[in-house]
2 protein chains.
Amino acid sequence: MAPAKLLVDIHTHVYLPRYASMLRTRTSVPKIMSSLIDGKEQDRLLILDHEPSGGRPVGPQYWSRDEKIRFMDQHGISVSVVSTANPWLDFLPASQAQQLALELNADLEQYCSTGPTVTDSSIKRLYGFGLLPLVPEITTESLLDAVNQISESPHLKGLILGTRGLGKGLDDEALDPVWAAIEAAGLVAFLHPHYGVDVKAWGDKDNGHVLPLALGFPFETTTAATRLILSGVFDRFPNLRLLLAHSGGALPQLSSRLASCIDHDPVVASRLKHDARFYLGKLYLDAVAYGSEELGFVSEVLSRADRYETGNSSAVSPDRKIGSKRVLFGTDHPFFPPLKSTEKWQSVVDNLEAIDSVQGWTEEEKDGVRGANALSLFNIS
Amino acid sequence: MAPAKLLVDIHTHVYLPRYASMLRTRTSVPKIMSSLIDGKEQDRLLILDHEPSGGRPVGPQYWSRDEKIRFMDQHGISVSVVSTANPWLDFLPASQAQQLALELNADLEQYCSTGPTVTDSSIKRLYGFGLLPLVPEITTESLLDAVNQISESPHLKGLILGTRGLGKGLDDEALDPVWAAIEAAGLVAFLHPHYGVDVKAWGDKDNGHVLPLALGFPFETTTAATRLILSGVFDRFPNLRLLLAHSGGALPQLSSRLASCIDHDPVVASRLKHDARFYLGKLYLDAVAYGSEELGFVSEVLSRADRYETGNSSAVSPDRKIGSKRVLFGTDHPFFPPLKSTEKWQSVVDNLEAIDSVQGWTEEEKDGVRGANALSLFNIS
């Protein structure tokens, strides 16, 4: 099978056994707790404050590698680049976060390296995003140690991170040495939401998890990525490879408004080398958007980025094919399981159908989004 | 001049003299205050909490009809449908809000009716969105009185409203009689943001107004419109005409994710007659998005709505032309003034150029977005 035809899932989560054990010992969110439901012991996971319906049921799909492989086989996924699910280590004191990051990175390297290989190929079926101990009061040295550990782990291809940084967000200059190290190591930083926005925004009505997941998560990613742009991180680290969850949230649709707002604020505008839309061309986006119009649009927004480089006066219509090279299939497994047991998960089917239906992408771009772009980005061969 | 060729601005604000006077008497936000700047008296407007740089300079462009007409002439705008800028009456006690709504609606009717007419036409150059006293403790009767007043004012074509409703948001069933009255009167409800999201999301860095305006406003609109969808308002009032500011914020880009999240929550899903994306086809969006790719995309999302009607299994690619009929030019005047005095405002030029460059729209659709859609929606002839 030619690598270009492999289906590669770059947004797929795990709570490694060590992490799940730690969650079981906790008395506050995030935690895993056992409840008796209809007389049966049932593990439930609470990861968000104010989570409705007592959290979500969890089981081996969250920690078992066999279950991950089974899910991959069921959906024709050859390779997964696995990441710890939110909220990572955000809630831990610095010393514990530091130790657990190193242990979990070692665990994940082993999870991948001792796992199966793609048939007739040297490609493994599992690669990983490591973790940094991004918590308040951590030392820069500890962060750089973790970056270094990840870069020396052959099956770890990047790292996943939330939006809090050291407590002040990702636009904190104290993180500059970390961005520099990530850039130098050629690692991919996968930016993923957890906190959403203040729950008061959702009102009193019981809408289950819909509002925090459908809106809160993308708002958080959008805000974090925008703050990174405004802080000049992409000017200082032009080769930083940042992957945004959920197709960049709302950033693509709001990027021209963002550019206009910056244009009208001379202090902010003077700090940046380029129009805000230029920086979107530096991003990578997963294809977890559930709709072909959305995927076509985000690839168009990535494609137009060069038009907004300072000094470039081109006004040609963007070719979606260019931006598609930075869009990568993902499932968000084991979240969004189907309500009924079906052969395939609807959320995965929807995302694959969306890729297949994008106007302006040929089979080459679709194959890219399904797998070839990921193999290239993560240098997997 | 044929009406189809008129440029119509449906997103353009005013603080009527009566409203500006009230703001001058206030000691807390929102307020207009005079400061000495470089030895000159300068009015400054504070409308948001924590507003940076002591608010923004205001002058006659906010209250003078002559200034509005001058701005329109400068940009070739034939007709404006003017609305009071945020935060409307939200901050007032019920009795004051009630009285001021009626007075301001009468003022705005006069502002329009005594204004100029389009050359060689019976069309006025100014129409308006009235106000409702949407504040806690207001009676339904007071709200219906205001709807009735607006519907009987020949030059008021709708009403503008924020997202708070009676204090619990717009998904409050107590508003059902108001939606029913708006629907029955054929008025357009223009949903506009003011509150954004909790300022903690923006972090400590000084980014001026950029984050609350570029992200907070669209997030708020997105949340309010989503909560309306989830509450079943569009099922109960299928002919309600809701216009969303700033091209619907982030709702178009997040609508397939929203549909997926609803699909995975049987309680929420069972409340709604259709896939969430169906309801987007009931919306009207302004064209205040500053980019042609954004406009093309939002028109595509409106176009695909019928595909998501329960019972419809069509999978044809959406034709952007259909959705374009629900997209309408706006300027957001007098906000986003140019930094340098130029002949035309860059924000307006950008939005006109965006309309002119949308792929998949012919001149007919562009003329529609520039004016014909508005004349039709507001029944102006």
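Residues numbered from 1 in each chain as written. Chains lettered and ligands numbered in written order. Predicted model: local features only at pLDDT ≥ 70, side-chain atom pairs only at ≥ 80, totals over all residues. Heavy atoms only, no water.

As named in an unreviewed UniProt entry, chain A is Amidohydrolase-related domain-containing protein, taken from Tetrapyrgos nigripes. Under the UniProt heading Sequence similarities (unreviewed entry), the note attached to chain A is "Belongs to the metallo-dependent hydrolases superfamily." (UniProt positions renumbered as here; feature names shortened; annotations may be inferred.)

### Structural notes on the sheet that holds strand S2 (residues 31-37) of chain B
Residue and element names in this part refer to chain B. Strand order in this open sheet of 3 strands is S2-S3-S4, and the pairing throughout is antiparallel. The outermost strands of the open sheet, each flanked by one partner alone, are S2 and strand S4 (56-57). The sheet contact formed by strand S3 (residues 40-46) and S4 spans 2 bridges and is antiparallel. Following the sheet pairing, Leu45 is matched in S4 by Arg56. Strand contacts of helix H1 (residues 17-24): S2 and S3, with the helix running at about 70° to S2, the strand carrying the most contacts. (Pairing = 2+ DSSP bridges. Helix = DSSP H or I, 4+ residues; strand = E, 2+ residues; numbered from the N terminus. Contact = heavy atoms within 4.5 Å. Axes fitted to C-alpha atoms, helices over the stretch in contact; angles between N-to-C directions.)

### A look at the pairing of strand S10 (residues 283-286) of chain B
Residue and element names in this part refer to chain B. Where burial is concerned, the two faces of S10 agree: the one with Leu283 and Leu285 and the one with Tyr284 and Asp286 are both buried. When S10 meets strand S11 (residues 327-328), the two strands line up parallel, connected through 2 bridges. From the neighbouring strand, Leu285 faces S11, where its bridge partner is Val327. (Buried < 20%, exposed > 50% of the residue type's maximum accessible area, 1.4 Å probe, protein only.)

### Considering the interface of chain A and chain B
Between chain A and chain B, the residue contacts involve 68 residues of the former and 68 residues of the latter. Across the chain A to chain B interface the summed buried area is about 5,700 Å²; carbon plus sulfur atoms make up 58%. Considering only the surface of chain A that becomes buried against chain B, Gln253, Arg257 and Glu293 of chain A emerge as the three largest contributors, covering 15% of it. The interface formed by chain A and chain B holds 8 salt bridges in total. A salt bridge links Arg307 of chain A to Glu293 of chain B; the shortest N-O distance between them is 3.2 Å. Elements supplying a minimum of two residues to the side of chain A that touches chain B: helix H6 (210-230), helix H8 (251-263), helix H9 (266-271) and helix H11 (292-303) of chain A. Among the elements that make up the side of chain A that touches chain B, the one with the highest residue count is H6 of chain A (13 residues). Classifying every residue of the side of chain A that touches chain B by side-chain character gives 29 nonpolar, 19 polar and 20 charged. (Buried area = accessible area lost by both parts, 1.4 Å probe. Salt bridge = Lys/Arg side-chain N within 4 Å of Asp/Glu carboxyl O. Nonpolar A, V, L, I, M, F, W, Y, C, P; charged D, E, K, R; others polar.)

### Describing unusual backbone geometry
Where the residue is not glycine, phi is negative for most of them; where a peptide bond is considered, it is trans in most cases. Residues Asn86 of chain A and Pro87 of chain A are joined by a peptide bond in cis, for which omega reads 10°. Structurally, Pro87 of chain A can be placed in the loop between strand S5 (79-84) and helix H3 (94-113). Geometrically, the link from His333 of chain A to Pro334 of chain A is a cis peptide bond, its omega value of 0° lying close to zero. Topologically, Pro334 of chain A is positioned in the loop between strand S11 (327-328) and helix H13 (346-356). The phi angle at Asn379 of chain B is positive, at roughly 55°, despite the residue not being glycine.

### Some points on the nonpolar core
Counting residues in hydrophobic clusters, the biggest one holds 263 residues, and the most contacted among them are Tyr15, Trp179 and Phe378 of chain A together with Tyr15, Trp179 and Phe378 of chain B. In this structure Tyr15 of chain A touches Ala20, Leu23, Leu45, Ile47, Tyr62, Trp63, Ala85, Asn86, Pro87 and Phe335 of chain A, once residues within four positions along its chain are discounted. (Core = buried A, V, L, I, M, F, W, Y, C linked by side-chain atoms within 4.5 Å.)

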